[in-house]
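A look at the structure
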Amino acid sequence: MSDGNSEKEPITFVDNRKIDPQERSPRSDQTAQAGEVRESAAAEAAAGPGPDAGNGTEPVIGTDEGAEILAESITKELAERTADLQRLTAEYANYRRRVERDRQATIDSAKASVVSELLGVLDDLDRARAHGDLDAGPLKSVADKLADALHKQGLQEFGTEGEPFDPTLHEAVQHEGSGHDPVIGLVMRKGYRFGDRVLRHALVGVTDGVADLVEEEASDADANANNQ
């Protein structure tokens, strides 16, 4: 073999098939379509919103109609928040008044309970005063200070002679006369109340009032005149 044949010549292939320049692969078509979509989107973004952009649910900021809708929404929300705040303020004020009323009622109840335990002491002091034991001396000063302290706390006594009889305050243990206009004729035990609460009813004897006595005397005089 010769040296010229020892070196291999390059092999080449020739494709004699005819290719239609109009034919393209599906992949090339998809790539071209994607490029066209991207170019169209970029063009729309650069052009800005169209004339129908304000027809959606969200108002377009910068227009008169959008500003008016936004102002109405803010005003409505502000009114609702103001009404909620006013309602909460009223509820809190009612709560404070209720708590204060309950607290005062508890204090008055406690005071009335303590004062009720001292009514027996006041009865003893009244009996001592009736016997003249409190006319002078240190016991009189103690009795006066105790009575003043209880009166300052709200204790009030009732049931005196000549006072009109009231069944809600007085308990009658004896009765004299016809009873048309009853008044207290005898006080056997004083009654006490603390504020609007009656701690103890007064034990009294009831007799006729002055008007009944005058009418009774006039009736007796007429009867005597007729008998004569």
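Conventions adopted
- Residues numbered from 1 in each chain as written.
- Predicted model: local features only at pLDDT ≥ 70, side-chain atom pairs only at ≥ 80, totals over all residues.
- Heavy atoms only, no water.
- Helix = DSSP H or I, 4+ residues; strand = E, 2+ residues; numbered from the N terminus.
- Buried < 20%, exposed > 50% of the residue type's maximum accessible area, 1.4 Å probe, protein only.
- Contact = heavy atoms within 4.5 Å.
- Areas by Shrake-Rupley, 256 points an atom, 1.4 Å probe, with all protein chains shown as cover.
- Core = buried A, V, L, I, M, F, W, Y, C linked by side-chain atoms within 4.5 Å.
- Axes fitted to C-alpha atoms, helices over the stretch in contact; angles between N-to-C directions.
- Parallel < 35°, antiparallel > 145°, perpendicular 65-115°, else oblique.
- Left-handed = near helix turned anticlockwise from the far one by under 90°.
- Nonpolar A, V, L, I, M, F, W, Y, C, P; charged D, E, K, R; others polar.
- Pairing = 2+ DSSP bridges.

Brief notes about the overall build of the protein
For the protein, the count of helices and strands is six helices and six strands. When the helices and strands of the protein are placed in sequence order, the string is α-α-α-α-α-β-β-β-β-β-β-α. Split into buried and exposed, the 228 residues of the protein put 14% on the buried side. When contacts within the protein are restricted to residue pairs at least 6 apart in sequence, long-range pairs at least 24 apart make up 61% of them. About 18,300 Å² of surface is accessible on the protein, with carbon and sulfur atoms providing 53% of the total.

Thoughts on the nonpolar core
Among the nonpolar cores identified, the biggest contains twelve residues, and these are Ala112, Val115, Leu119, Leu122, Leu125, Ala128, Leu134, Ala143, Leu150, Leu155, Tyr192 and Phe194. Top element by residues in this core is helix α4 (residues 119-130). It accounts for four residues. Not counting residues within four places of it along the chain, the set of residues in contact with Ala112 comprises Phe194, Arg197 and Leu199. Counting six residues, the second-largest nonpolar core is a separate cluster that includes Phe158, Ile184, Ala202 and Val206.

Focus on the packing of α4 against helix α5 (residues 138-152)
Between α4 and α5, the shortest axis-to-axis distance is 11 Å and the interhelical angle comes to 135°. Of the possible angle classes, the one that applies to α4 and α5 is oblique. The hand of the α4/α5 crossing is left-handed. Only Ala143, Asp144, Leu146 and Leu150 of α5 make contact with α4, whose side of the interface consists of Val121, Leu122, Leu125 and Arg129. For the contact of α4 with α5, the per-class residue count stands at six nonpolar, no polar and two charged.

Considering the sheet that holds strand β6 (residues 202-208)
The strand order β2-β6-β3 describes an open sheet built from three strands, whose pairing is mixed. This sheet does not close on itself; its edge strands, each paired only once, are β2 (170-175) and β3 (182-189). Mean inter-strand twist for the sheet, computed between neighbouring axes without regard to direction, equals 40°. With six bridges joining them, β3 and β6 adopt antiparallel strand pairing. Looking at the pairing, Ile184 lines up with Val206 of β6.

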